[in-house]
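Spelled out, the chains give:
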Amino acid sequence: MPLDPRRTVAELRALRELTGDEHGAQRVCWTDTWARARAFVRERLAALPVEIEVDEAGNQWATLAGASERAVLIGGHIDSVPDGGWLDGCLNVLAGLEVLRRIAEEGTPPATVRLVDWADEEGARFGRSLFGSSACAGSMRDQEQLRALRDRDGVALPDALAAHGVDLERALEARSRLAGAAAYLELHIEQGPVLESLDLPLGAVLGTFGVERHRVTFRGQAAHAGSTPMAERRDALAGAARLELEIRAIAKRAGDGAVCTMGSVTTRPGIVTSVVEEATCLLDQRHLDASTLAAMLADAKAASARFAVEERIDVGWERIWGIEPIPFDETLIGFCDEAIREVAGASHRLPSGPLHDAAEVARAGVPTVMLFVQSLRGLSHTKLEDTAEEHLELSVAALDRLASKTIAWVAGGAGR
Ligand SMILES: [Zn+2]
């Protein structure tokens, strides 16, 4: 079977029929629909000389044994957010399946090739993203919190996992699956507008942004909206509002794709007849360079302190979550560029704003690269998510070229 990218597009459509409805994709992890999507993939893998297994964290592996046990991994996630798009995650899995078909057809590859479908990349049901890949990478350190997580219906995470044969207490044993992993490749839709704005179908990903996520609380004094003169007010919302506008300048100064988002502001007492006593902001800052990210955070803290003085209010910062920037492998980025140029003529290098399973694998020390395909209008996590059919086909062809180059590299003794 030569590579047939049109088959991948047809299978994406079939998967959408099987696991979506009028609101979009419904392959939320640890649900029956997700299990159905996995069965869809297994049925197709069954035609290939691969060994299929599910690890302790619920990741599904298909292994095509090569002359060498050192392995090139191709990853993706079949799970989606509720009312999600038809490509996020599953394009990677189904394109990987097509590449496996092509390689298997040609006989025993010089290096082992493994397709992995990571469990619960989205974290849609319990709010914990990258479950399977973080267990496999050994970076999962929040078992205590995971044990206590419940979904909207009150179902505990360990029970939802158990219903799909996964024991949370043993999830970290999945670490053994990365032994022998010499390189990791992941195709994904861009989920942003950059490639479309450049009129390019494909891009090589430099790494994933580091993230700093903080709760910033401004505290002033509640006071009657009618009797308190403007000059006398200690308005906590004024601090929040000024910070929200300042983060635009902070991102602009940092450059190189820096982004800052104030995703939420909640106020107390939150009534129309009172000056705001307390404004709590959720701030997310991202950059590919660690020192620039640290400077963005320092800038935001300094600005908030200045606004607090000027507004005669207090400000406090609390770190909610963070992750360092994760650069991908230089050699693999070069292969990815080459592969893209071979199938599409021109390439572009760009960072990834969203986190991906690839970040966890790279963090574990496996040379990694991602390949992005253009997203129309930059939309994702909605049923409006889309990519032109010819670009989907190009992405499968580019992943195939990238896999060939990487397999030869690994077979020659390179990689981890
Ligand atoms: Zn995804």
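Note that the structure is predicted; figures quoted are calculated from it, not measured. (Residues numbered from 1 in each chain as written. Predicted model: local features only at pLDDT ≥ 70, side-chain atom pairs only at ≥ 80, totals over all residues. Heavy atoms only, no water.)

S.K.: How should I be thinking about the overall build of the protein in this particular structure?
M.R.: When helices and strands are counted, the protein shows 12 helices and 15 strands. In terms of overall dimensions, the protein has a C-alpha envelope of 80 × 45 × 40 Å along the principal axes. Looking at the 416 residues of the protein, the share that counts as buried comes to 54%. Taking all contacts inside the protein whose residues are at least 6 apart in sequence as the whole, residues at least 24 apart take part in 78%. (Helix = DSSP H or I, 4+ residues; strand = E, 2+ residues; numbered from the N terminus. Buried < 20%, exposed > 50% of the residue type's maximum accessible area, 1.4 Å probe, protein only. Contact = heavy atoms within 4.5 Å.)

S.K.: Explain the nonpolar core to me, please; I cannot follow it from the model alone.
M.R.: Side chains of a nonpolar character, in soluble globular proteins, are inclined to be buried together. Residues Trp 30, Leu 45, Leu 100 and Phe 131 are the most contacted members of the largest nonpolar core, which totals 100 residues. With near-sequence residues (within four places) excluded, Trp 30 lies in contact with Ala 57, Ala 119, Asp 120, Arg 125, Phe 126, Phe 131, Ala 160, Leu 161, His 164 and Val 166. Residues Ala 240, Cys 260, Ala 279 and Phe 307 belong to the second largest nonpolar core, which totals 21 residues. (Core = buried A, V, L, I, M, F, W, Y, C linked by side-chain atoms within 4.5 Å.)

S.K.: For this particular structure, what's the right way to read the packing of helix H2 (residues 32-45) against helix H3 (residues 90-105)?
M.R.: Two numbers describe how H2 lies on H3: the axes approach to 11 Å, and their chain directions differ by 5°. As far as their axial angle goes, H3 and H2 are roughly parallel. On H3, the residues that touch Phe 40, Val 41, Arg 44 and Leu 45 of H2 are Val 93, Leu 94, Leu 97, Leu 100 and Arg 101. Looking at the contact of H2 with H3, its residues break down into seven nonpolar, no polar and two charged. (Axes fitted to C-alpha atoms, helices over the stretch in contact; angles between N-to-C directions. Parallel < 35°, antiparallel > 145°, perpendicular 65-115°, else oblique. Nonpolar A, V, L, I, M, F, W, Y, C, P; charged D, E, K, R; others polar.)

S.K.: Can you walk me through the environment of Leu 172 in this structure?
M.R.: Examined against the element boundaries, Leu 172 turns out to sit in the loop between helix H6 (157-162) and strand E7 (181-189). With 108 residues separating them along the chain, Leu 172 and Leu 64 place their C-alpha atoms 24 Å apart. Those residues within four positions of Leu 172 in sequence are excluded, and the remaining contacts are Ala 135, Gly 138, Met 140 and Gln 143.

S.K.: How should the coordination of the zinc ion be read in this particular structure?
M.R.: Perfect tetrahedral coordination of a metal by four donors corresponds to 109.5 degrees between them, and perfect octahedral coordination by six donors corresponds to 90 or 180 degrees. Binding of the zinc ion to the protein goes through His 77 (NE2), Asp 88 (OD) and His 188 (NE2), at separations of 2.0 to 2.1 Å. Between consecutive donors of the zinc ion, the numbers of intervening residues give the motif H-x10-D-x99-H. Of the two residues, His 77 is situated in the loop between strand E5 (68-76) and H3 and His 188 in strand E7; the sequence distance between them amounts to 111 residues. Residues His 77 and His 188 agree in their burial class; the two are buried. (Donors = N, O, S within 2.8 Å, 3.2 Å for Na, K, Ca; no water.)

S.K.: Before we go on, may I ask you to explain the side chain of Arg 286 in this structure?
M.R.: Relative to the assigned elements, Arg 286 resides in strand E11 (residues 278-287). On the basis of relative accessible area, Arg 286 is assigned to the buried category, the value being 17%. There is a polar contact of 2.8 Å between the side chain of Arg 286 and the side chain of Asp 284. Non-local contacts of Arg 286, meaning those with residues more than four positions away in its chain, are made with Phe 209, Gly 210, Val 211, Arg 213, Ala 258, Val 259, Leu 293, Met 296, Gly 353 and Pro 354. (Polar contact = N/O pair within 3.5 Å; in protein donor to acceptor, adjacent residues only side chain to side chain.)

S.K.: Can you walk me through the environment of Leu 157 in this structure?
M.R.: Following the sequence through the fold, Leu 157 ends up in helix H6. On the basis of relative accessibility, which here comes to 1%, the residue Leu 157 falls in the buried class. Sequence spacing of Leu 157 and Val 361 is 204 residues, and the spatial spacing of their C-alpha atoms is 23 Å.

S.K.: How should I be thinking about unusual backbone geometry in this particular structure?
M.R.: Among all residues save glycine, negative phi is the norm, and among peptide bonds the norm is trans. The omega torsion of the bond from Arg 268 to Pro 269 falls at 0°, within 30 degrees of zero and hence cis. Within the secondary structure layout, Pro 269 lies in the loop between strand E10 (259-268) and E11. Positive phi, normally seen in glycine, also occurs at Trp 30, with a value near 65°. Within the element layout of this structure, Trp 30 appears in the loop between strand E2 (24-25) and H2. One non-glycine residue, Arg 377, lies in positive phi territory at about 60°. Structurally, Arg 377 is set in the loop between strand E15 (368-373) and helix H12 (389-411).

S.K.: I keep staring at the pattern of salt bridges and nothing clicks. Help me out?
M.R.: Two side chains with opposite charge may pair up if their charged atoms get near one another. Here the structure, examined in full by the defined rule, presents 32 salt bridges. Where Arg 177 meets Glu 53, a salt bridge forms, and the shortest distance between an N and an O atom there is 3.1 Å. Residue Arg 177 is located in the loop between H6 and E7, and its partner Glu 53 is located in strand E3 (residues 51-54); the two are separated by 124 residues in the primary sequence. The class for Glu 53 is partly exposed, based on a relative accessible area of 25%. (Salt bridge = Lys/Arg side-chain N within 4 Å of Asp/Glu carboxyl O.)

S.K.: What's the story with a nonpolar patch on the surface in this structure? I'm lost.
M.R.: A contiguous nonpolar surface patch, about 240 Å² in accessible area, is contributed by Leu 282, Ile 320 and Trp 321. In this structure, Ile 320 sits in strand E12 (residues 314-323). (Patch = residues over 30% accessible without salt bridge, like charges linked within 9 Å, V, L, I, M, F, W, Y side chains within 5 Å. Areas by Shrake-Rupley, 256 points an atom, 1.4 Å probe, with all protein chains shown as cover.)

S.K.: Teacher, can you tell me more about the sheet that holds strand E9 (residues 210-219) here?
M.R.: As a general point, the strands of a sheet are linked pairwise by backbone hydrogen bonds and lie either parallel or antiparallel. Strand order in the open sheet formed by four strands is E10-E11-E9-E12, and the pairing between neighbours is antiparallel. Each of the sheet's edge strands pairs with one partner strand only, and the pair in question is E10 and E12. Each adjacent strand pair in this sheet contributes to an overall mean axis angle of 15°, direction not counted. Across nine bridges, E10 lies against E11 in antiparallel orientation. Within E11, the position partnered with Cys 260 by the bridge is Gln 285. The strands touched by helix H9 (residues 290-311) within the sheet are E9, E10, E11 and E12, with E11 carrying the most contacts at an inclination of about 160°. (Pairing = 2+ DSSP bridges.)

S.K.: Before we go on, may I ask you to explain the pairing of strand E4 (residues 60-64) in this structure?
M.R.: On a regular strand, each side chain points to the face opposite its neighbour's, so the side chains alternate between the two faces of the sheet. Buried residues dominate E4, accounting for five of its five residues. Of the two faces of E4, the one carrying Gln 60, Ala 62 and Leu 64 and the one carrying Trp 61 and Thr 63 are both buried. Pairing analysis gives four bridges linking E3 to E4, with the strands arranged antiparallel. Following the sheet pairing, Ile 52 is matched in E4 by Ala 62. Across five bridges, the pairing between E4 and strand E6 (residues 111-117) is antiparallel. Looking across to E6, one finds that Gln 60 is bridged to Asp 117.

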